[in-house]
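Here is how the chains run, residue by residue.
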Amino acid sequence: MDKLIYLDNASTTQVYPEVFKAMKPYFTEYYGNPSSIYSFAGESKKAVDSARDKIAGFIGAKPEEIYFTAGGSESDNWAIKATAQAYSGKGKHIITTTIEHHAVLHTCQALEKQGFEVTYINTDSEGIVDINELKAAIRPDTILISVMMANNEIGTIQPVAEIGKLAKEKDILFHTDAVQAFGQLPINVDDCHIDMLSASGHKLNGPKGIGFLYIRKGVKIRSFVHGGAQERKRRAGTENVPGIVGLGTAVERAVKTMEERAGKEKELRDYLIDRVLEEIPYCRLNGHRTERLANNANFSFRFIEGESLLIRLDMKGICGSSGSACTSGSLDPSHVLLAIGLPHEIAHGSLRLTLGEDTTREELDYVVEALKEIVSGLRDMSPLYEDFVKKNAKEN
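Remember, it's a predicted structure, so these values are computed and weren't measured experimentally.

Student: Please explain the nonpolar core as it appears in this structure.
Tutor: One broad rule of soluble globular proteins: the nonpolar side chains tend to lie buried together. Ile59, Phe68, Ile145, Phe182, Leu197 and Phe212 are the most contacted members of the largest nonpolar core, which has 55 residues in total. Going through the elements one at a time, helix H1 (17-23), helix H3 (39-59), strand E2 (66-69), helix H6 (131-137), helix H7 (160-169), strand E7 (196-200), strand E8 (211-215) and helix H9 (241-279) are the ones with two or more residues in this core. It is H9 that provides the largest number of residues to this core, a total of eight residues. Among residues more than four places away in sequence, those in contact with Phe182 are Ile55, Phe58, Ile59, Ile187, Ala199, Leu204, Phe212 and Val251. One finds Ile5, Leu272, Val276 and Phe299 within the second-largest nonpolar core, a separate group that totals 27 residues.

Student: Explain the side chain of Ser382 to me, please; I cannot follow it from the model alone.
Tutor: Structurally, the position occupied by Ser382 is in the loop between helix H13 (361-380) and helix H14 (383-395). Looking at Ser382, its side chain comes within polar contact range of the main-chain oxygen of Phe303, at 3.4 Å.

Student: It is not clear to me how the packing of helix H4 (residues 72-86) against helix H5 (residues 102-112) should be interpreted in this structure. Could you clarify?
Tutor: Describing two packed helices takes the angle between their axes plus the distance from one axis to the other. At their nearest, the axes of H4 and H5 sit 9 Å apart, and the two run at 30° to each other. By the criterion of interaxial angle, the relationship of H4 to H5 is roughly parallel. In terms of crossing hand, the pair formed by H4 and H5 is right-handed. Between H4 and H5, the residues in contact are Ser73, Asp76, Asn77, Ile80, Lys81 and Ala84 and Ala103, Val104, Thr107, Cys108 and Leu111, respectively.

Student: Teacher, can you tell me more about the packing of aromatic side chains here?
Tutor: Given two aromatic rings, their pairing is described by the distance between the two centres and the angle made by the two planes. Summed over all chains, the structure comprises eleven aromatic pairs. Centroid distance Tyr67 to Trp78: 5.8 Å. Interplanar angle 75°. Geometry classified as edge-to-face. In this pair, Tyr67 is assigned in strand E2 and Trp78 in helix H4, connecting sequence segments eleven residues apart. Its relative accessible area of 0% is what places Trp78 among the buried residues. Both rings, one in Phe182 and one in Phe212, keep their centres 5.2 Å apart while their planes meet at 70°; by these two values the pair is edge-to-face. In this pair, Phe182 is assigned in the loop between strand E6 (173-177) and E7 and Phe212 in strand E8, connecting sequence segments 30 residues apart. Each member of the pair, Phe182 together with Phe212, is buried. In this structure an aromatic cluster arises from ring pairing among Tyr282, Phe303, Tyr385 and Phe388. Lys92 extends its terminal NZ or CZ atom over the ring of Phe116, reaching a point 5.2 Å from the ring centre. Above the plane of the ring of Tyr271 lies Arg361, whose end atom (NZ or CZ) is 4.1 Å from the centre.

Student: Would you take a moment to explain the environment of Thr98 for this structure?
Tutor: Examined against the element boundaries, Thr98 turns out to sit in the loop between strand E3 (93-97) and H5. Setting aside residues up to four positions removed in sequence, Thr98 forms contacts with Leu105, Tyr120, Ile121, Asn122, Thr123, His335 and Ala339.

Student: How should I be thinking about the sheet that holds E7 in this particular structure?
Tutor: The strands that make up a sheet pair up through hydrogen bonds in the backbone, lying either parallel or antiparallel. With respect to topology, seven strands assemble into an open sheet ordered E2-E8-E7-E6-E5-E3-E4, the strand pairing being mixed. Of all the strands in the sheet, just E2 and strand E4 (117-121) have a single pairing partner and so form its edges. The mean inter-strand angle of the sheet, taken between neighbouring strand axes irrespective of direction, is 20°. Sheet topology places strand E5 (residues 142-146) next to E6; three bridges connect them, and they run parallel. Paired with Leu144 across the bridge in E6 is Leu173. The sheet strands contacting H3 are E2 and E8, and the helix crosses E2 at an angle near 115°.

Reading guide: rules and limits
Residues numbered from 1 in each chain as written. Predicted model: local features only at pLDDT ≥ 70, side-chain atom pairs only at ≥ 80, totals over all residues. Heavy atoms only, no water. Core = buried A, V, L, I, M, F, W, Y, C linked by side-chain atoms within 4.5 Å. Buried < 20%, exposed > 50% of the residue type's maximum accessible area, 1.4 Å probe, protein only. Helix = DSSP H or I, 4+ residues; strand = E, 2+ residues; numbered from the N terminus. Contact = heavy atoms within 4.5 Å. Polar contact = N/O pair within 3.5 Å; in protein donor to acceptor, adjacent residues only side chain to side chain. Axes fitted to C-alpha atoms, helices over the stretch in contact; angles between N-to-C directions. Parallel < 35°, antiparallel > 145°, perpendicular 65-115°, else oblique. Left-handed = near helix turned anticlockwise from the far one by under 90°. Phe/Tyr/Trp six-rings, centres within 6.5 Å; stacked < 30°, edge-to-face > 60°. Lys NZ or Arg CZ within 6 Å of the ring centre and 35° of its normal. Pairing = 2+ DSSP bridges.

The quantities given are spatial measurements derived from coordinates; they are silent on function.
Shown next as structure tokens:
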């Protein structure tokens, strides 16, 4: 393929050269097990501790509150299942939202089969959580509120500080899935009253297979993976030292570049959104126009199928998605788009384009021209569009 324009950074990101360079010695040179007591293993332990310090500093936490995991899905499962187990004596009621990642939704559904009750809060048409509905859902037996910081599909940023304050006032634990927001937004766990936070390395130019769960000191949740005494006896298994080093380096880089990177991505995102909405008829932007991640643009095009759109974009060297990568292959429309009120036939024609640090205006110009051509071609083959045009012609 001569041209490759990668606009699926919400699914995964390129490991940057400096991240890979930092990881490499821990595969071949400093390969000791950090739990071993001999001096050779000390280099591995030192690297793990350094990464933990960097991550803690970024979110305003203490290093001992950071627990390394295999990624965001494990962190979400751990936070929710372990809270349910540890606090079931207080109550068996959990609150989350209808637009969460499936790592949260499916975990809650599994707990429902074990006798827990889950309330799924709705959002408005732009994907913002209804705070009044959240307040009304709180019960004396509510033990956990889990609301994502920013949506992985439509990019909408949630009022986590307000939610966290409410949870603290009611003495309820607050967990946030920050997988999409981590590295994109400044985060302070104290300011937002966050008790648990999930994040993943491969969303911010770090490696796959590594993430962490922040657990505020005093939160009494138990181990999720049992075995050895790693991670202060809370998460068994030999530490993924190269992955942890890569995550720490990626976080360090993200902190340094965040302001400039977000400014550039926001400018290009708005340029892309404006051109698409102005130049392609019968399309809409999904998610809040401004309260969204700087790199996220999500559209729905009427009278077409998202899968056909993606295939034709791929033929032109453009990588996008119709929603979460975790639901790839599903014929069902996005649960997020349905939750914000889109009918099935419009939700089916969705496209998520997520920019990266290296995305250029010239690339976006190419993408918009390709979209105009592809959408027009697909509509020409659509009997629904043909009927729509005929009906409009008669009415006019």
